Amino acid sequence: MLNEYDKIQILRDKIQKLSRTKVSFMEVCGTHTMSVAKHAIKSMLPENINIVSGPGCPVCVTSQTDIEMSLILARSENKIICTFGDMIKVPSRKDSLANYKNVKIIYSPLDALKIAHENPGREIILLGIGFETTTPLIAVTIKTAKQECIKNFSVLSMHKTVPTALKLILSSPDISLNGLILPGHVSAVTGRKYFDFIKDYHTCGVIAGFEALDIMECIYLLTKSVEENKVEVINNYTRIVSEEGNQLAMQLLYEVFEDCDCKWRGIGEIPNSGLKIREKFQAYDAKIKFDIPIENIAEPKNCRCGEILMAKKTPPDCALFKNTCTPLNPIGPCMVSSEGTCAAYYKYL
Amino acid sequence: MPTITLNHGLGGKQMHEFIKNTIMTKLQNGILEKMDDSAILKNLKTNRLALTTDSYVVSPLIFPGGDIGRLCVCGTVNDLTTSGAKPYALTLAFIIEEGMDLAVLDTIIDSINKTAKEAQILIVTGDTKVVEKGKGDGIFINTSGIGFIDDHIEISTYNTKDHDDVLVTGPIGNHEIAMMKARNLIEFDLTVESDVRPLNIPIENLLKQKVLLHSIKDPTRGGLASALYEIVEHSKVDITLIEKDLPIDKVVQSVCSLVGFDPLYLANEGKFIITCPKESSQHIIKAFKGTAQIIGRAKKSEHPKLLMETKSGGIRKIGMLETMQLPRIC
Amino acid sequence: MCLAVPVKVLEILQNNKAKVAIDGVTLEVSTSFTPDLQVNDYVIVHAGFVLEKITPEDACEKFKLWDEYLEKTGRKLC
């Protein structure tokens, strides 16, 4: 019986022999960015296979305006801001949530409801970031708040969906991709079928898990598809991902949220790419509950996060990278988030 | 519940009695209880004296596996040991917050006593101050320590050589996870204890046996990676860690997986990194009763780097820790 | 975007919750998306919620591939 190490060596060999064409494969999930870096995947591949990072890091694609709104809420009286740790250090105008004592890091969104119960005199606002994996969790949290008649809780929705961003990338003339490493846990929720649309752009995709073996298998399958001139969307994470996904989770997501236009940091507005809270649940929508002044804030000068998120450029192409922009003093979100492209490059390469 | 008051800090009767009855009865050793303004240490024969100081501010004061008392002795003893010194004496200074529970203070002093005996070190002089309520966090402690370095010993972060083995004396990350649990930063149900302990005795035994050691470093704040970076830069070597050989307790690995932490950056308070020529490694493993492990190797380098050979055979750089690790969803 | 961890179900609790464990750590999670969970199921957990059950992959199919490859190429693993 072969162990994981042996299997990976076999795959390295197979990929080496099979790969003829110079290719670019994009991974579209912050956790994949981390896994590719952590498992040193690039060091095991031939030089003609290039792995690039896409806009799969929810913190990295959160607009400056949304970050500023979170800070405005943190600064205002009587509020407790609940957030996943990913958001704490994102800077906006030299400020960040880390500077505020009324900001609490939570592991699960349901922890925010506990905090609401324990602090009846204060308003609890949950910062909603994440794609199709996380949004159903926020949907359940909102529904639970409604069922339990919790009045001092709301969500600032900055949620987004993956397909529209992918379509933008795949239709962009500046970017040439041969395949996509598709997000394993988003697919667990949405199902494999959800990503069939990439075939319309003559791009193949493989849904992958996050262990070294999963990613190497994925790259082998992508290489094979390219060399055999096949355009297909393969599910290689069958232990968790099914054809249809978790339909209950998707139903709950769309019961509470609906599609809306949304500004992605560095990319601009993408129609139907965001998720906003439906009218039925608007009592839990922080944008409606609080009169937050919305300003359009310009992104920092010379920051190339937008092009990096779209894989048009790599971090070393940005003049700020490793100079003024470092993990300790991040200027753009790709450096702030621990699995942003720039942070991963800085740390691992 | 008897507590510390500002009167205890006045230098008068109450302070004198407090020191005599609480501190001296527990820590007396022939020198301390003389209560001279300076401790007189006689007949010291050494060409090199190591001197170090550290302050301890920890919350909570008592945590699974230890307390600030144990920590303040171990931290300074271990610091002295990393330069190859045999720790000899400590100073002990308290800054106590008004209102501090005397029973807790008792526990801390008992712990200092027990740990000092375990490390075979004398506490020879001290100081006690009291600050107003709200101006301290229960208690802050400073310990300074002296130790003697034998003539033939050359141990420093500048001393790692080409082809050296790199060892760690036990599993990493336990202290920081225990502290996070003690501070309620993680809500999962788990049992993990701080690894805080003095490490001077096994090192002393190795040095007595003339086992050659090159660098010793304690991977405290910033974890294994940060400590190794110092050796990499000072000794101008590449160090490559072997991922499959890193000792990490399952419970620590589980927490890291759940919240997205990297165990390489988690603090330890009872571990050493040791670099040495290959012949020394088995002696080190024996001295640490089998928990020490070879985790990598050093190689002379013009452009020093810290690298990881992954479980699958890939190679990557290990980055420096720039910011605090936080639980994440991504 | 999806840090999720495989865990084992220890106990089904009331109100759409379950107790799960991974090597020395136990936690309570929501089962809102997986109402049919059973004790001893293996599942993945993301931010305090069970996302999906883990189905053992068709291991036989994959192993067949490896054996075939080794046979054809006469490769030895070093």
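Here the structure is a predicted model, which is why all the values come from computation and not from measurement.

**Some remarks on the interface of chain C and chain A**
In this complex, chain C contributes 30 residues to the contact, which on the side of chain A involves 44 residues. Carbon and sulfur atoms supply 67% of the area that chain C and chain A bury against each other, a total of about 3100 Å² over both sides. At the junction of chain C and chain A, the tally comes to zero salt bridges. Where chain C packs against chain A, one counts six residue pairs in polar contact (both at pLDDT 80 or more). Considering each element in turn, the side of chain C that touches chain A owes the most residues, five residues, to helix H1 (residues 59-73) of chain C. Grouping the constituent residues of the side of chain C that touches chain A by class yields 18 nonpolar, six polar and six charged.

**A look at the pattern of salt bridges**
Residues and elements named next belong to chain A. Scanning all chains against the criterion turns up 35 salt bridges over all chains. The partner of Lys224 in a salt bridge is Glu228, and the shortest N-O contact between them spans 3.6 Å. For Lys224, a relative accessible area of 29% puts it in the partly exposed group. The partner of Glu255 in a salt bridge is Lys280, with the nearest N and O atoms 4.0 Å apart. Taken together, the residues span a long stretch of sequence, with Glu255 in helix H9 (residues 247-256) and Lys280 in the loop between strand E11 (268-277) and helix H10 (286-289) at a distance of 25 residues. Owing to a relative accessible area of 55%, Lys280 belongs among the exposed residues under this scheme. Residues joined by salt bridges that share partners form a network here, namely Glu68, Arg75, Arg93 and Asp95.

**Describing the side chain of Thr81 of chain B**
One can find Thr81 of chain B in helix H2 (residues 68-81). Excluding residues within four positions of it along the chain, Thr81 of chain B makes contact with Pro87, Leu199, Asn200, Ile203, Ile216 and Phe272 of chain B.

What counts as what
- Residues numbered from 1 in each chain as written.
- Chains lettered and ligands numbered in written order.
- Predicted model: local features only at pLDDT ≥ 70, side-chain atom pairs only at ≥ 80, totals over all residues.
- Heavy atoms only, no water.
- Contact = heavy atoms within 4.5 Å.
- Buried area = accessible area lost by both parts, 1.4 Å probe.
- Salt bridge = Lys/Arg side-chain N within 4 Å of Asp/Glu carboxyl O.
- Polar contact = N/O pair within 3.5 Å; in protein donor to acceptor, adjacent residues only side chain to side chain.
- Helix = DSSP H or I, 4+ residues; strand = E, 2+ residues; numbered from the N terminus.
- Nonpolar A, V, L, I, M, F, W, Y, C, P; charged D, E, K, R; others polar.
- Buried < 20%, exposed > 50% of the residue type's maximum accessible area, 1.4 Å probe, protein only.

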